[in-house]
Amino acid sequence: MFAGLFDLSKWSPPRFLVCGFAVIILLGGLVLSLPVSSAQGTSLRYLDAVFTATSATCVTGLVVVDTGTYYSIFGQVVLLLLIQIGGLGFMTMATLFALVLRKRISLRERMILQEAMNQPSMQGIVQLIRRVFRYSVAIEAAGALLFTLRWSLDMPIGRAAYFGVFHAVSFFNNAGFDLFGEYHSLTTYAEDPMVNLIAMALIVLGGLGFVVLADLLEYPKSRCLSLHSKIVLCMTGILIVSGAIAVFAFEYGNTLGPLGGTGKILASFFQSVTARTAGANTVDISALHQATLFFVIFLMFVGAAPGSTAGGIKVTTFATLVGGVHAMVRGKDDIVFFRYRLARGRLLKALTITMLAMALIAAVTMALCVTENAAFIRVFFETVSAFATVGLSTGLTPDLSDAGRVLIACMMFAGRLGPLTLAYALGPKSEKELYRYPEGKLIIG
């Protein structure tokens, strides 16, 4: 019994991914707890270090100590490495090293990569990993260069380059970590078009997913997009625009009040984009109206695209649910997008992911309401932010109790891997059914 438990060759891909991420987090927490990781040369509590390592590896951005002032350069570089590993996936990084060393990628490793990248098949998985690396390096390098040019106007060129690299990696991987100190994020650049546009471009590109990026780059030759890419692009555009309109309407006389006309528009779009699991902010999140917070919670819950650096239930899941409702209301049997019919199994998977996510969020929110002395909307916001690996905070995270920190860390971990992957990893191995039960009749509605 126990021999099988520790025999890695018998582990399923989901279990391997869960344990792999857990090991990286625990090791990262150990390094971050060392005095060398602190700017003051002091040791960070291991619980707080593990919380931060979880936030970095799960590309979230929730922190219990300020990244820009507490950590030394060494500690910040460790965080940057955890963000990069977490964003691309540790199996992706391991595969890249294997390819560099000209090692053969085994069938089992391809199966794990398929699970990690959320792909329907193993066909072309190694080629996809190569593309992931190329796209990531190119986009992060471009973002780092543009950030460096802008921030060289405000600080020495060396510091500007360091800030440029750190924030390009953080924003592309939808992590939300920043080095500006005092939990300010990008609030001082709320009306700066260059900083806003670069950051939003990195966040959106990281959230589209590498399959969509590959599709877009090949479009000039193929002149066509896959159904997946069409749905992701359409839903992304709809959610960003609707989110910006909602923030602009709800916050016009509140957090957007001190900003000029262009600043109001930039801030509205930035808060809508960052809610898609990025975690940076240009206005004070704790000062948002409750209506705005609730709408941002919805945006965080939906998240971005599968196979991306972002979290949430994913836009394709949400689109499938909307398509199912539309089909039922219209009396149709099939969910149809762009003249393509979805298999019924897609709807069942979307329902499963959504119900597991809602159940997990509800359970942790109730638990935090017991452990923390805070308003419900703040607790709910922080829980969804953790699950969707967003990193936006109303200021509750640094004041969490130890029990609260454990719960939020678990939510970040579950959100990064996905509730369905966790269920597959922790549940017993299912056997193929050899028979079907007779159909029963149940009154619905």
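Residues numbered from 1 in each chain as written. Predicted model: local features only at pLDDT ≥ 70, side-chain atom pairs only at ≥ 80, totals over all residues. Heavy atoms only, no water.

It is not clear to me how the overall build of the protein chain should be interpreted in this structure. Could you clarify?
What the protein chain contains, in helices and strands, is 19 helices and two strands. Burial statistics for the protein chain: of 445 residues in total, 52% are counted as buried. Contacts in the protein chain between residues at least 24 apart in sequence constitute 69% of all its contacts with a sequence separation of at least 6. (Helix = DSSP H or I, 4+ residues; strand = E, 2+ residues; numbered from the N terminus. Buried < 20%, exposed > 50% of the residue type's maximum accessible area, 1.4 Å probe, protein only. Contact = heavy atoms within 4.5 Å.)

So what exactly am I meant to see when it comes to the nonpolar core here?
The tendency in soluble globular proteins is for nonpolar side chains to be buried as a group. Core analysis: the biggest nonpolar cluster contains 115 residues, and Phe147, Trp151, Leu186 and Met300 have the highest contact counts within it. Apart from the residues lying within four places of it in its own chain, the contact partners of Phe147 are Gly164, His167, Ala168, Phe171, Val195, Ile198, Ala199 and Leu202. (Core = buried A, V, L, I, M, F, W, Y, C linked by side-chain atoms within 4.5 Å.)

Honestly, the packing of helix H17 (residues 376-387) against helix H18 (residues 402-417) in this entry has me stumped. Any pointers?
Packed helices, taken two at a time, are described by their axes: the angle between them and the distance between them. Put simply, H17 and H18 touch, their axes get as near as 7 Å, and they point 40 degrees apart. Compared by their axis directions, H17 and H18 come out oblique. Touching Glu382, Thr383, Ala386 and Phe387 of H17 are Ile408, Met411, Met412 and Gly415, all from H18. Split by residue class, the contact of H17 with H18 holds five nonpolar, two polar and one charged. (Axes fitted to C-alpha atoms, helices over the stretch in contact; angles between N-to-C directions. Parallel < 35°, antiparallel > 145°, perpendicular 65-115°, else oblique. Nonpolar A, V, L, I, M, F, W, Y, C, P; charged D, E, K, R; others polar.)

Please clarify how the layout of surface pockets should be interpreted in this entry.
A probe as big as a water molecule, rolled over the atoms, marks out the empty space that is left. The calculated volume of the second largest pocket comes to roughly 430 Å³. What lines the second largest pocket is a set of 26 residues, among which Tyr183, His184, Ser185, Asn281 and Ser393 lie closest to the centre. Within the lining of the second largest pocket, the residues separate by chemical class into eight nonpolar, 15 polar and three charged. (1 Å grid on protein atoms, 1.4 Å probe; cavity = no way out; pocket = protein on both sides within 12 Å on 5 of 7 lines; lining within 4 Å. Points joined across faces, edges and corners; volume = space filled by probe spheres on them.)

What am I meant to see in a nonpolar patch on the surface here?
Together, Val241, Ile245, Phe248, Tyr252, Ile265 and Phe269 make up an exposed nonpolar region whose accessible area comes to about 550 Å². Of all elements in the fold, only helix H12 (227-251) and helix H13 (261-274) reach the threshold of two or more residues within the nonpolar patch. Of all the elements, H12 adds the most residues to the nonpolar patch, at three residues. Looking at the secondary structure, you find Ile245 in helix H12. (Patch = residues over 30% accessible without salt bridge, like charges linked within 9 Å, V, L, I, M, F, W, Y side chains within 5 Å. Areas by Shrake-Rupley, 256 points an atom, 1.4 Å probe, with all protein chains shown as cover. Salt bridge = Lys/Arg side-chain N within 4 Å of Asp/Glu carboxyl O.)

Where do I start with empty space enclosed by the protein in this structure?
As enumerated under the stated definition, the model contains one cavity of 30 Å³ or more in all. Of the pockets and cavities examined, the largest cavity occupies roughly 80 Å³. Together, Asn174, Ile203, Val204, Gly207, Leu208, Thr236, Ile240, Val273, Arg276 and Ala304 line the largest cavity. For the lining of the largest cavity, the secondary structure elements donating two or more residues are helix H10 (193-208) and H12. It is H10 that provides the largest number of residues to the lining of the largest cavity, a total of four residues.

Sorry if this is basic, but what is going on with helix H3 (residues 46-57) here?
In this model H3 runs 16 Å from its N-terminal to its C-terminal C-alpha over 12 residues, within 8% of the 16 Å that 1.5 Å per residue would give. In terms of residue burial, H3 counts as a mostly covered element, since 10 of its 12 residues are buried. Within the sequence span of H3, burial applies to Asp48, Ala49, Val50, Phe51, Thr52, Ala53, Thr54, Ser55, Ala56 and Thr57. Positive phi appears at Val59, one or two residues downstream of H3, with a value of about 45 degrees. (Expected span 1.5 Å × (residues − 1).)

Just to check I follow, could you spell out unusual backbone geometry for this structure?
Most of the time, phi is negative for any residue but glycine, and the peptide bond is trans. Phi at Tyr183 takes a positive value of approximately 60 degrees, unusual for a residue other than glycine. Turning to its location among the elements, Tyr183 is positioned in the loop between helix H9 (157-172) and H10. In this structure, Lys314 takes a positive phi of about 90 degrees despite not being glycine. Among the structural elements, Lys314 can be located in the loop between helix H14 (290-302) and helix H15 (315-329).

Is there a simple way to explain the environment of Leu392 in this structure?
Within the secondary structure, Leu392 sits in the loop between H17 and H18. Leu392 sits in the buried class, given a relative accessible area of 2%. The spatial distance from the C-alpha of Leu392 to the C-alpha of Phe381 is 8.5 Å, given a sequence separation of 11 residues. The residues contacting Leu392, other than those within four sequence positions of it, are Leu62, Thr274, Ala275, Gly279, Ala280, Asn281, Ile285, Val296, Met300, Phe381 and Ser385.

What is the right way to read the side chain of Thr282 from this model?
Along the chain, the position of Thr282 falls in the loop between H13 and H14. By relative accessible area, Thr282 is classed as buried at 4%. Here the side chain of Thr282 touches Gln271 through a polar contact of 2.9 Å, side chain to side chain. Ignoring anything within four residues of it in the chain, the contact list for Thr282 reads Leu186, Thr187, Ala190, Asn196, Ala267, Phe270 and Gln271. (Polar contact = N/O pair within 3.5 Å; in protein donor to acceptor, adjacent residues only side chain to side chain.)

What is the right way to look at the packing of aromatic side chains in this model?
Two aromatic rings are characterised by how far apart their centres lie and by the angle between their planes. The tally for this structure, following the rule as stated, stands at 14 aromatic pairs. Every member of this aromatic cluster is reached through a ring pair, and the members are Phe147, Trp151, Tyr162, Phe163, Phe171, Phe180 and Tyr189. Across the ring face of Tyr252, the terminal group of Lys264 is positioned such that the distance to the ring centre comes to 5.2 Å. (Phe/Tyr/Trp six-rings, centres within 6.5 Å; stacked < 30°, edge-to-face > 60°. Lys NZ or Arg CZ within 6 Å of the ring centre and 35° of its normal.)

What should I look at first to understand the environment of Ile335 in this one?
Position of Ile335 among the secondary structure elements: in the loop between H15 and strand S1 (336-337). Linking Ile335 and Val322, residues 13 residues apart in sequence, is a C-alpha distance of 9.2 Å. Apart from residues lying up to four places away in sequence, Ile335 is in contact with Thr320, Gly323, Gly324, Ala327, Tyr340, Arg341, Leu342 and Leu347.

What's the story with the pattern of salt bridges in this structure? I'm lost.
Think of it this way: side chains of opposite charge can pair up when their charged atoms draw near. On inspection of all chains with the given rule, the structure shows five salt bridges. Among the ionic pairs, Arg45 bridges to Asp48, the shortest N-O distance being 3.2 Å. Judged by relative accessible area, which is 40%, Arg45 ranks as partly exposed. One salt bridge in this structure joins Arg45 and Asp402, with 2.8 Å as the shortest N-O distance. Of this pair, Arg45 sits in the loop between helix H2 (13-32) and H3 while Asp402 sits in helix H18, and the two are 357 residues apart along the sequence. Using a relative accessible area of 39% as the deciding quantity, one classes Asp402 as partly exposed. Look at the salt bridges and you will find they share partners, linking Arg45, Asp48, Asp402 and Arg405 into a network.

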